[in-house]
Amino acid sequence: MKKTDKQIPVLLYYKYVNISNPQKEVIIQREFCEANNITGRILVGFEGINGTIAGMKKNTDKYETWMQERDEFKDIEFKVSLGSEDTFSKLKIKFRPEIVTLGVEGLDPSVSGKRMSADELHNILGEQKDDVILVDMRNDYESAIGKFEGATLAPIHRFRELPNVIGELSKYKNKKVITYCTGGIRCEKASALLLKEGFLDVYQLDGGIFKYAEKYPDGYFEGKCFVFDKRMAVSFNQKKESKILTNCKLCGKKSDNYIDCANKTCHDLFICCADCASKYNEYCSEECRIKCQN
């Protein structure tokens with residue numbers, strides 16, 4: 001059946017919880033999702049579950065209820081945005097030793113920073129206190145198109161690089177450090193790493209950018225939020241246009257549109273305006289375009 005542009009719910013969720021048999025949980029998740037026409041990506045590990053799924057509202061509602069009726073997931077929180085029926089092309093459910101990879105032996109995500117609510121962060125950002133450092137724990141290509149005003153960006157291209165660059169943040173050890181990410185899963189583990197490394201006053205934004213934006217869509221988050229599905233980015237603004245923070249790689253014009261290079265051997269994720277995407281057939285460079293058309 002041909003997919004339409006009808007909007008459907010996209011659920012973002014995670015929970016750090018001990019799962020004694022994650023391989024069995026993969027099978028349980030797959031059976032439920034397939035029976036209810038749910039697509040998306042779910043990672044299951046000994047330390048918990050991390051997922052982004054999509055489907056008709058009656059089916060995603062059923063998934064939420066099913067998860068919250070299970071003891072290990074009863075207090076799991078779902079962040080909801082809108083996508084289309086092709087937000088995910090299929091269902092992928094996998095076992096991973098870590099549901100977000102840091103590779104730090106002995107790190108316990110449950111020993112993490114104090115949770116900070118959207119209201120608390122909003123008030124702090126309004127006061128612009130010098131003794132507070134807000135650190136974006138997402139990848140550099142995510143923060144490029146959207147971030148909180150005045151945020152310090154962790155110098156990472158992949159989250160697993162954080163332990164190698166933690167020294168670059170050490171100057172903030174005696175300050176109040178607030179970590180944030182898209183939905184909370186990375187800033188929770190990052191805050192645990194900061195505490196392990198001797199940071200004294202560490203917080204995590206509870207629910208991440210998505211939960212903040214639910215309450216403050218025109219607040220202190222500027223630009224768009226990168227997402228790992230076919231939408232690439234979502235805008236939260238309701239009363240104003242999203243601020244564009246980046247430029248087209250090919251012409252330099254203001255743009256916040258990410259695309260994958262059409263050269264599959266390149267597969268570069270880059271910012272490209274609509275004009276250049278059409279002109280270069282979604283190639284990241286003239287070299288890639290020539291290489292693939294010859």
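Data block above holds the structure.
Since this is a predicted model, take the numbers as computed values, not measurements.

Calculation notes
- Residues numbered from 1 in each chain as written.
- Predicted model: local features only at pLDDT ≥ 70, side-chain atom pairs only at ≥ 80, totals over all residues.
- Heavy atoms only, no water.
- Core = buried A, V, L, I, M, F, W, Y, C linked by side-chain atoms within 4.5 Å.
- Buried < 20%, exposed > 50% of the residue type's maximum accessible area, 1.4 Å probe, protein only.
- Helix = DSSP H or I, 4+ residues; strand = E, 2+ residues; numbered from the N terminus.
- Contact = heavy atoms within 4.5 Å.
- Patch = residues over 30% accessible without salt bridge, like charges linked within 9 Å, V, L, I, M, F, W, Y side chains within 5 Å.
- Areas by Shrake-Rupley, 256 points an atom, 1.4 Å probe, with all protein chains shown as cover.
- Salt bridge = Lys/Arg side-chain N within 4 Å of Asp/Glu carboxyl O.
- Lys, Arg positive; Asp, Glu negative; His and termini not counted.
- Charge placed at Lys NZ, Arg CZ, Asp CG, Glu CD.
- Pairing = 2+ DSSP bridges.
- Axes fitted to C-alpha atoms, helices over the stretch in contact; angles between N-to-C directions.
- Parallel < 35°, antiparallel > 145°, perpendicular 65-115°, else oblique.
- Nonpolar A, V, L, I, M, F, W, Y, C, P; charged D, E, K, R; others polar.
- Expected span 1.5 Å × (residues − 1).
- Polar contact = N/O pair within 3.5 Å; in protein donor to acceptor, adjacent residues only side chain to side chain.

> Which residues make up the nonpolar core, and what values do they have?
Formed by 26 residues in total, the largest nonpolar core has its most connected members in Met137, Phe159, Leu162 and Phe199. Going through the elements one at a time, strand S1 (7-16), strand S7 (132-136), helix H5 (162-165) and helix H6 (185-196) are the ones with two or more residues in this core. Ranked by residue count, the leading element in this core is H6, at five residues. Once you skip the residues sitting within four places of it in the chain, methionine 137 turns out to touch Ala154, Ile156, Phe159, Leu162, Leu169, Thr179, Tyr180, Arg186, Ala190 and Leu194. With 23 residues, the next largest nonpolar core counts Met116, Phe148, Leu205 and Ile209 among its residues.

> A description of the side chain of lysine 147 should follow, citing residues and the corresponding values.
If you trace the backbone, lysine 147 turns up in strand S8 (residues 146-148). Non-local contacts of lysine 147, meaning those with residues more than four positions away in its chain, are made with Asp136, Arg138, Leu153, Tyr180, Tyr220, Phe221, Glu222 and Leu245.

> How would you sum up a positive patch on the surface? Please name residues and give values.
A grouping of Arg41, Lys90, Lys92, Lys94 and Arg96 is seen on the molecular surface, where their side chains present a positively charged patch. Secondary-structure assignment places lysine 92 in strand S5 (residues 91-95).

> Before we move on, could you go through the environment of asparagine 164 and cite the residues and values that matter?
With respect to the secondary-structure elements, asparagine 164 resides in helix H5. For asparagine 164, a relative accessible area of 68% puts it in the exposed group. For the pair formed by asparagine 164 and aspartate 119, sequence separation is 45 residues and the distance between their alpha carbons is 32 Å.

> Explain the sheet that holds S1 to me, using residue names and the numbers behind them.
Overall, mixed pairing links the five strands, which are arranged S4-S1-S3-S2-S5 in an open sheet. One side of each edge strand has no neighbouring strand; the edge strands of this open sheet are strand S4 (77-84) and S5. Across this sheet, the average inter-strand angle for adjacent strands is 10°, counted without regard to direction. Here strand S2 (residues 39-45) runs beside strand S3 (residues 48-54); their pairing, made up of seven bridges, is antiparallel. What sits directly across from valine 44, in S3, is isoleucine 49. The strands touched by H6 within the sheet are S1 and S3, with S1 carrying the most contacts at an inclination of about 20°. Across the sheet, helix H7 (residues 208-215) lies against S1 and S4, angled at about 80° from S4, the strand it touches most.

> Lay out the pattern of salt bridges with the relevant residues and their values.
If the charged atoms of two oppositely charged side chains come close together, the side chains can form a pair. The full count for this structure, using the stated rule, is 21 salt bridges. Salt bridges linked by common partners bring Glu77, Arg115, Glu188, Asp206 and Lys211 together as one network.

> Account for unusual backbone geometry, naming residues and giving values.
Phi at asparagine 37 takes a positive value of approximately 55°, unusual for a residue other than glycine. Positioned with a positive phi, histidine 267 is a non-glycine residue whose angle comes to about 55°.

> How would you sum up the packing of helix H3 (residues 118-127) against H7? Please name residues and give values.
In a pair of packed helices, the angle between the axes and the distance between the axes together describe the arrangement. At a closest axis distance of 9 Å, the pairing of H3 and H7 adopts a crossing angle of 80°. Comparing the axis directions of H3 and H7 gives the class roughly perpendicular. Within the contact between the two elements, H3 uses Ala118, Asp119, Leu121 and His122 and H7 uses Lys211, Tyr212 and Lys215. The residue makeup of the contact of H3 with H7, split by class, is three nonpolar, one polar and three charged.

> Describe H6, listing the residues and the values that go with them.
In a regular helix each residue adds 1.5 Å, so twelve residues correspond to 16 Å; H6 covers 17 Å between its end C-alpha atoms and thus fits that length. For H6, the set of buried residues is Ile185, Arg186, Cys187, Glu188, Lys189, Ala190, Ser191, Ala192, Leu193 and Leu194. Of the residues flanking the end of H6, it is glycine 198, one or two places downstream, whose phi is positive at about 100°.

> Give me the lowdown on the sheet that holds strand S11 (residues 201-205), citing residues and values where you can.
Within a sheet, neighbouring strands are paired by backbone hydrogen bonds and run either parallel or antiparallel to one another. The sheet built from five strands is open, its strands ordered S6-S11-S10-S7-S9 with parallel pairing. Two strands lie at the open edges of the sheet, namely strand S6 (114-116) and strand S9 (152-153), each paired on one side alone. When S7 meets S9, the two strands line up parallel, connected through two bridges. In the sheet register, aspartate 136 faces S9, and the bridge partner there is leucine 153. Packing against the sheet, H6 makes contact with S6, strand S10 (176-180) and S11, and its axis sits at approximately 175° to S11.

> Describe the side chain of glutamine 204, and please don't skip the residues or the numbers.
Tracing the chain through its elements places glutamine 204 in strand S11. Of the residues examined, glutamine 204 reaches a relative accessible area of 1% and is grouped as buried. Polar side-chain contacts of glutamine 204 include one of 3.0 Å to the side chain of serine 112. One polar contact links the side chain of glutamine 204 to the main-chain carbonyl oxygen of glycine 113, over a distance of 2.8 Å. When near neighbours in sequence (up to four residues on either side) are disregarded, glutamine 204 contacts Tyr14, Ser112, Gly113, Lys114, Arg115, Met116, Thr179, Gly184, Cys187, Glu188 and Ser191.

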